[in-house]
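Here's the letter readout for the chains.
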Amino acid sequence: MIKNFEFLKENLPGTDIPGKARVKCRYRDLSKFAKVYGFEDPKYVGSKEDGIVACKAWANAITVKSFYILIPATKLTQNGEERPFLLNPNKLLHAGNQYNWEGCVPMKDGDKIISRGKWGKMWLNKDNMILFAELLLTAKNENDETVVKVTTQAAVRPGGY
Amino acid sequence: MTKLADFSVGQEFINEFDEINRELLQLYAKASGDTNPIHTRDEIAEKAGLNGVIAHGLFSFGFITKMFEDMLNQENDGQLIECGVEMRGMVRCGDTLVTKATVSKVDGKDVHFDIEQRTITPVDIKDKEGNIVKQFEAGERGYISEKDEAKGLVHTKEVDEGILTFRDRLACPGHAIIRLKM
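I will try to describe carefully the structure that is included in this document.

Reading the values: rules and limits
- Residues numbered from 1 in each chain as written.
- Chains lettered and ligands numbered in written order.
- Predicted model: local features only at pLDDT ≥ 70, side-chain atom pairs only at ≥ 80, totals over all residues.
- Heavy atoms only, no water.
- Helix = DSSP H or I, 4+ residues; strand = E, 2+ residues; numbered from the N terminus.
- Contact = heavy atoms within 4.5 Å.
- Areas by Shrake-Rupley, 256 points an atom, 1.4 Å probe, with all protein chains shown as cover.
- Lys, Arg positive; Asp, Glu negative; His and termini not counted.
- Charge placed at Lys NZ, Arg CZ, Asp CG, Glu CD.
- Phe/Tyr/Trp six-rings, centres within 6.5 Å; stacked < 30°, edge-to-face > 60°.
- Buried < 20%, exposed > 50% of the residue type's maximum accessible area, 1.4 Å probe, protein only.
- Buried area = accessible area lost by both parts, 1.4 Å probe.
- Salt bridge = Lys/Arg side-chain N within 4 Å of Asp/Glu carboxyl O.
- Polar contact = N/O pair within 3.5 Å; in protein donor to acceptor, adjacent residues only side chain to side chain.
- Pairing = 2+ DSSP bridges.

Here's the deal with the overall build of chain B
On a plain count of helices and strands, chain B comes out with five helices and seven strands. For chain B, the sequential pattern of α-helices and β-strands runs β-α-α-α-β-β-β-β-α-α-β-β. Seen through its C-alpha atoms, chain B measures out along the principal axes to roughly 55 × 40 × 25 Å. Sequence separation of 24 or more characterises 68% of the internal contacts of chain B that already satisfy a separation of 6 or more. Carbon and sulfur atoms make up 46% of the accessible area of chain B, which amounts to about 8900 Å² in all. In chain B, which carries 23 positive and 33 negative side-chain charges, the distance between the mean positions of the two groups comes to 3 Å.

Describing the packing of aromatic side chains
For the structure shown, the criterion picks out 19 aromatic pairs over all chains. Pairing A:Y99 with A:W101 gives two aromatic rings, centres 5.5 Å apart and planes at 15 degrees, and the pair type is stacked. Owing to a relative accessible area of 0%, A:Y99 belongs among the buried residues under this scheme. Aromatic pair B:F17 and B:F63: ring centres 4.5 Å apart, planes at 35 degrees, arrangement tilted. With a gap of 46 residues between them, B:F17 in strand β1 (residues 12-17) and B:F63 in helix α3 (residues 61-71) connect regions that are remote in the sequence. Overall, B:F17 belongs to the buried group, its relative accessible area being 17%.

Side note on the interface of chain A and chain B
Facing 27 residues of chain A, the contacting portion of chain B comprises 30 residues. Counting each side, the surface lost to burial between chain A and chain B is near 2500 Å², with a carbon and sulfur contribution of 57%. Across the salt bridge formed by A:K56 and B:E75, the nearest N and O atoms sit 2.8 Å from each other. Our count for the contact surface shared by chain A and chain B stands at 13 residue pairs in polar contact (both at pLDDT 80 or more). Sorting the residues of the side of chain A that touches chain B by element identifies α2 (27-36), α3 (42-45), α4 (59-73) and β4 (92-100) of chain A as the ones contributing at least two each.

As for the side chain of B:S60
Residues and elements named next belong to chain B. Here S60 is to be found in the loop between α2 (42-47) and α3. Assessed through its relative accessible area of 3%, S60 is described here as buried. The contact partners of S60, leaving out residues within four places of it in the chain, are V91, L97, Q117 and C172.

With respect to the pairing of strand β5 (residues 132-135) of chain B
Look at any regular strand and the pattern is simple: side chains alternate between the two faces of the sheet. Bridging between strand β4 (residues 110-126) of chain B and β5(B) involves three bridges; their strand directions are antiparallel. Across the sheet, residue B:I125 finds its bridge partner in β5(B), namely B:K134.

Worth remembering: the numbers are spatial, not functional.
Below, the structure is given as C-alpha cells:
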C-alpha cells in the first residue's frame, strides 16, 4: 500500500484530471433544493418567469457529480500496466470541501455548468492507512464565467488505492 | 441592513434544526442528484452496515451556508466568499443539527468565522426506575456505539418525562468568510 501511495503521490499532484462533469441548473431542481433548507425569498424560490438563482449550497450538486465522475477517470501506468487511481470504488469517501466564490457569478436557472479538475495535495494517514487526496475543481457556466472554485478532499480506505 | 459594525471577535451565531427526516433526505436526493440509496432506503443502508439511512455528506453543509445567506439578507448586504468543512460524523434522521459560527477575525470588510456543527442525537427517556418510557430512532436502530460511550459523547439530562440519554458529537468543523458591502 505504501508503494502504491508513493507512486500516486509522485505522479498525480499538479496534473489535470481527464474529462469533465456537467450539471444543468434546472428551475425545478434549484427551487426544490432551496426549499430543503427553508428558503422563502423569491430570489431562490420565485417563479420561473421572474428568474431565480441558486442558493450557495447548490455548489454541492456540482461537487458530488465531479467527485464521482472525475476521480474514476484518472488512469496511470504503474510497472508497465495501466491502473485506475481508484482500485476499488467502494473504498472511496468524501472527507471535506472548501468552496470559494470570490469573483464568481451566481448560478441561475438555465445555466449549463462544466467542472474540470486538477489533483492537489496527497498524503497518507499512517495510523489507519487512509489516503487523502485533494481535487481542485473550477466550475464555469456556458459563458465561461467561473461560478465556484472547490477544493474537495477524497479519502480512500486501504484496498482502494 | 447588516454592516461591519454588527460584528466583533468572539461573537457567536447559533442555528438549530430539528426536522431531519426521511422525506427531507428524499427531497435533497432528488434536487441534488445524489441518489445513492444509503441516504433514502433503510434496507440498502442496513446491508451497508449502517443500521439505517444516513444524511448525504453535504446535506448539513447547506444549513451553514443558509445561516450566512440569512445573515446577509439573502446576500443583498454582502457575499459569502468562502466556506470550508470537514465531514467527521454521520448525520441521521432524528438528530438536532446545531450550527455555531464564532467571529474569529474582522479584516477590512471581511468577517472570518470558525464553524462548529454538532449533532444532538436523542436515544431514550427512562423513568427513575430505569424503565424506558420513550425510545427514539437512535435507540431503536442502535446508532450509538461503544466508541461513542468510550469517547464521553453520551450524556443524560432531566426532562419532563424522566431522564433523557443523548449523544452530542461534532459532525462538521469548518470556517467561513463573508464580505460586507458596508
